Amino acid sequence: MSSPALAPVPPEAARDAVITLDHVSKTYEGGVHALDDVSLTVERGSFLAVMGPSGSGKSTLMHCAAALDVPTSGTVLIDGRDTRSLNETKRTEMRRDLVGFVFQAYNLVPSLSVADNITLPLRLAGREADPAWVDSLVERVGLAGRVDHRPAELSGGQQQRAAIARALVTRPSVVFADEPTGALDLRTARGVLKLFREVAEDLGQTIVMVTHDPAVAAQADTVVVMADGHIVQTVTEPDAADLANRLISMSED
Ligand SMILES: Nc1ncnc2c1ncn2[C@@H]1O[C@H](COP(=O)(O)OP(=O)(O)OP(=O)(O)O)[C@@H](O)[C@H]1O
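These numbers were taken from a predicted model, which means no experiment stands behind them.

Quick notes on the rules
Residues numbered from 1 in each chain as written. Predicted model: local features only at pLDDT ≥ 70, side-chain atom pairs only at ≥ 80, totals over all residues. Pairing = 2+ DSSP bridges. Helix = DSSP H or I, 4+ residues; strand = E, 2+ residues; numbered from the N terminus. Axes fitted to C-alpha atoms, helices over the stretch in contact; angles between N-to-C directions. Contact = placed C-beta atoms within 7 Å. Buried ≥ 20, exposed ≤ 12 C-beta atoms within 10 Å, placed from the backbone. Core = buried A, V, L, I, M, F, W, Y, C linked by C-beta atoms within 7 Å. Parallel < 35°, antiparallel > 145°, perpendicular 65-115°, else oblique. Left-handed = near helix turned anticlockwise from the far one by under 90°. Nonpolar A, V, L, I, M, F, W, Y, C, P; charged D, E, K, R; others polar.

> Which residues make up the sheet that holds strand β10 (residues 230–236), and what values do they have?
What the six strands build is an open sheet, ordered β6-β7-β8-β3-β9-β10; its pairing is mixed. Of all the strands in the sheet, the pair left with one neighbour each is β6 (99–103) and β10. Strand-to-strand, the axes of this sheet are offset by a mean angle of 20°, without reference to chain direction. Pairing of strand β3 (residues 47–51) with strand β9 (residues 222–227) involves four bridges; the strand directions are parallel. Looking across to β9, one finds that alanine 49 is bridged to valine 223. Strands in contact with helix α8 (residues 240–252) are β3, β9 and β10; relative to β9, the strand with the most contacts, it is inclined by about 10°.

The following block contains the structure:
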């Protein structure tokens, strides 16, 4: 089923699209067709999950959509800006200004306090921190009272919450989360996914989350299912059991 968040890419809708992939293909050296003619629009404020089996092209899609990599053909727009025409320096600046990242392994700097980790993207961009905004983020991710600690003094869930605050601190157009609960136990993972939902709903933050796990994907508003470099299904109002069945039936095809 097609959803408003994933409508085919009419130009007049582009102002509400944070990410637009238009006929994007990616072929790696050696000839692997990781993405094959993928078109996708991620609407502002939506929480989208990209789900599929290993090797289906999820990471490649994320890397192209986040301007970490360039497609072999097709167009990627982030907030209306074309990523393909930029050199590596300009693409890096675009990522710094428009994109936040959350990774499975948290990637916090061990020698910095939680507070300094959270505000690091601002310092790297030469921007002033707005103390009220930083405080509200720390509060929202439940780390008030922990900001002077080093990452190693936090639990995995707390470290991921710090990483989420770090991803939000620059007020990016979009946050990409790559298997953000992959290293967490079930209960902690639920808390982190609830936080993503709240951030999407309360702050209108656009989130694109890559996962192979149907239970994780089901927390998003919309799920695109990938297989062999294609988006093969788009699921609105996702349900974990239904998504799991879809994956099982794909593996039996
Ligand atoms: N740098 C690369 N060079 C060559 N082939 C690559 C490269 N990165 C990915 N591939 C190949 O492209 C295809 C898609 O890989 P991708 O990592 O995007 O899939 P994925 O769905 O994210 O998989 P996983 O869930 O295992 O991370 C796979 O066949 C993979 O082996």
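On we go from here.
> Could you give me a rundown of the environment of valine 192, with the residues and numbers involved?
Tracing the backbone shows valine 192 in helix α6 (residues 186–203). Taking the C-beta count within 10 Å as the criterion, valine 192 has 22 such neighbours and is therefore assigned buried. When the C-alpha atoms of valine 192 and arginine 246 are compared, they prove to be 25 Å apart, with 54 residues separating the residues in sequence. In contact with valine 192, not counting residues within four places along its chain, are Gly157, Gln160, Arg161, Pro180, Thr181 and Leu184.

> Go over the pairing of strand β2 (residues 33–43), please, and point to the residues and values.
As paired elements, strand β1 (residues 17–27) and β2 share seven bridges and run antiparallel to each other. Across the sheet, the residue bridging to isoleucine 19 is valine 42, located in β2. The hairpin turn running from β1 into β2, its antiparallel successor, is five residues long, and glycine 30 in that turn takes a positive phi close to 100°.

> Any details on the nonpolar core? Residues and values, ideally.
One finds Ala165 and Val208 to be the most contacted residues of the largest nonpolar core, which totals 66 residues. For alanine 165, the residues in contact, after removing those within four places along its chain, are Ile118, Leu137, Val138, Val141 and Leu143.

> Kindly report on the packing of helix α3 (residues 114–124) against helix α5 (residues 156–168), identifying the contributing residues and their values.
Their axes nearest at 7 Å, the elements α3 and α5 cross at an angle of 30°. The angle between the axes of α3 and α5 places the two elements in the roughly parallel class. Considering the relative orientation of α3 and α5, their crossing is right-handed. Along the contact surface, α3 presents Val114, Asn117, Ile118, Leu120 and Pro121, while α5 presents Ala162, Ala165 and Arg166. Of the residues in the contact of α3 with α5, the class split is six nonpolar, one polar and one charged.

> Summarise unusual backbone geometry; cite the residues concerned and give the values.
A positive phi angle, near 50°, is found at arginine 171, a position not held by glycine. Inspection of the secondary structure puts arginine 171 in the loop between α5 and β7 (174–178).

> How would you explain the packing of α5 against α6 if you had to name every residue and give the values?
Two elements in contact, α5 and α6, have axes whose closest approach is 9 Å; the angle formed by their N-to-C orientations is 20°. On the basis of the axis angle, α5 is roughly parallel to α6. For the pair α5 and α6, the sense of crossing is right-handed. Counted together, Gly156, Gly157, Gln160, Arg161, Ile164 and Leu168 of α5 and Thr188, Gly191, Val192, Leu195 and Val199 of α6 form the full contact between these two elements. Within the contact of α5 with α6, the residues separate by chemical class into five nonpolar, five polar and one charged.

> Which residues make up the sheet that holds β1, and what values go with them?
Pairing in this open sheet of four strands is antiparallel, and the strands run β2-β1-β4-β5 from one edge to the other. Looking at the sheet topology across the chains shown, the edges are occupied by β2 and β5 (81–82). Two strands pair when backbone bridges link them, and strand β4 (residues 73–78) and β5 are joined in this way by two bridges, in the antiparallel orientation. Its bridge partner being in β5, leucine 77 is matched across the sheet by aspartate 82. Here helix α1 (residues 58–65) sits on the sheet and contacts β1, β2 and β4; the angle it forms with β1, its principal contact strand, is near 125°.

> I'd like to hear about the pairing of β1, residue by residue, with values.
Note that β1 and β4 share five bridges and pair antiparallel. By the bridge assignment, isoleucine 19 is partnered in β4 with isoleucine 78.

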